[in-house]
Amino acid sequence: SLMSGFDSVAAAKSRVVLLHGAESILMRRALDQLIEASGVAADDMEMETFVGDAMPPKEWVATAGTVPFLAERRVVIVRNVGRADAKELN
């Protein structure tokens, strides 16, 4: 399976996790496993989703660094990160 080497418990301990793949169902399953492995209920997470070329990477970072409002944890998802302008990633 495409998820055979994925360790959601180890990944959940990281501040940044990069998931890459063409199968949207498997990507969603990996995200769900990360959320479950974090030990925080999905209702206690504030999630923000961006598309890689929709706004500059500094906006993703600023959002990730903002304290969550009425939630224990903030999760920032950047879809299609490869579409971001490489000059703005520095």
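Bear in mind that the values here come from a model prediction, so they are computed numbers and not experimental data.

Let's talk about the side chain of T63
Then, number 1: Along the chain, the position of T63 falls in helix α3 (residues 57–65).
Then, number 2: With residues up to four places along the chain from it excluded, the contact list for T63 reads E48, F50, R74 and V76.

So, the pairing of strand β1 (residues 45–51)
Then, number 1: With seven bridges joining them, β1 and strand β2 (residues 73–79) adopt parallel strand pairing. Pairing of E48 across the sheet is with V76, part of β2.
Then, number 2: In this fold, β1 hands off to α3, which returns the chain to β2; that crossover is right-handed.

Describing unusual backbone geometry
Then, number 1: In this structure, L70 is a non-glycine residue whose phi angle is positive, near 55°.
Then, number 2: Here L70 shows up in the loop between α3 and β2.
Then, number 3: Here L70 falls in the exposed class, since its relative accessible area comes to 76%.
Then, number 4: The backbone phi angle of N80 is positive, close to 55°, even though this residue is not glycine.
Then, number 5: Inspection of the secondary structure puts N80 in the segment after β2.
Then, number 6: Judged by relative accessible area, which is 40%, N80 ranks as partly exposed.

So, the nonpolar core
Then, number 1: The biggest cluster of nonpolar side chains holds six residues, and these are L31, I35, V40, M45, V75 and I77.
Then, number 2: Residue assignment for this core shows that the elements contributing at least two residues are α2 (24–37) and β2.
Then, number 3: What I77 contacts, discounting residues up to four positions off in sequence, is L31, M47, E48, T49 and F50.

A look at α2
Then, number 1: Relative to the 20 Å expected for 14 residues at 1.5 Å per residue, α2 spans 20 Å between its end C-alpha atoms, a close match to the ideal helical length.
Then, number 2: Those residues of α2 lying buried are L26, A30, L31, L34 and I35.
Then, number 3: Looking at the buried residues of α2, the elements they touch are α1 (8–12), β1 and β2.

Rules behind the numbers
Residues numbered from 1 in each chain as written. Predicted model: local features only at pLDDT ≥ 70, side-chain atom pairs only at ≥ 80, totals over all residues. Heavy atoms only, no water. Helix = DSSP H or I, 4+ residues; strand = E, 2+ residues; numbered from the N terminus. Contact = heavy atoms within 4.5 Å. Pairing = 2+ DSSP bridges. Right-handed = clockwise from strand over helix to strand, strands pointing away. Buried < 20%, exposed > 50% of the residue type's maximum accessible area, 1.4 Å probe, protein only. Core = buried A, V, L, I, M, F, W, Y, C linked by side-chain atoms within 4.5 Å. Expected span 1.5 Å × (residues − 1).

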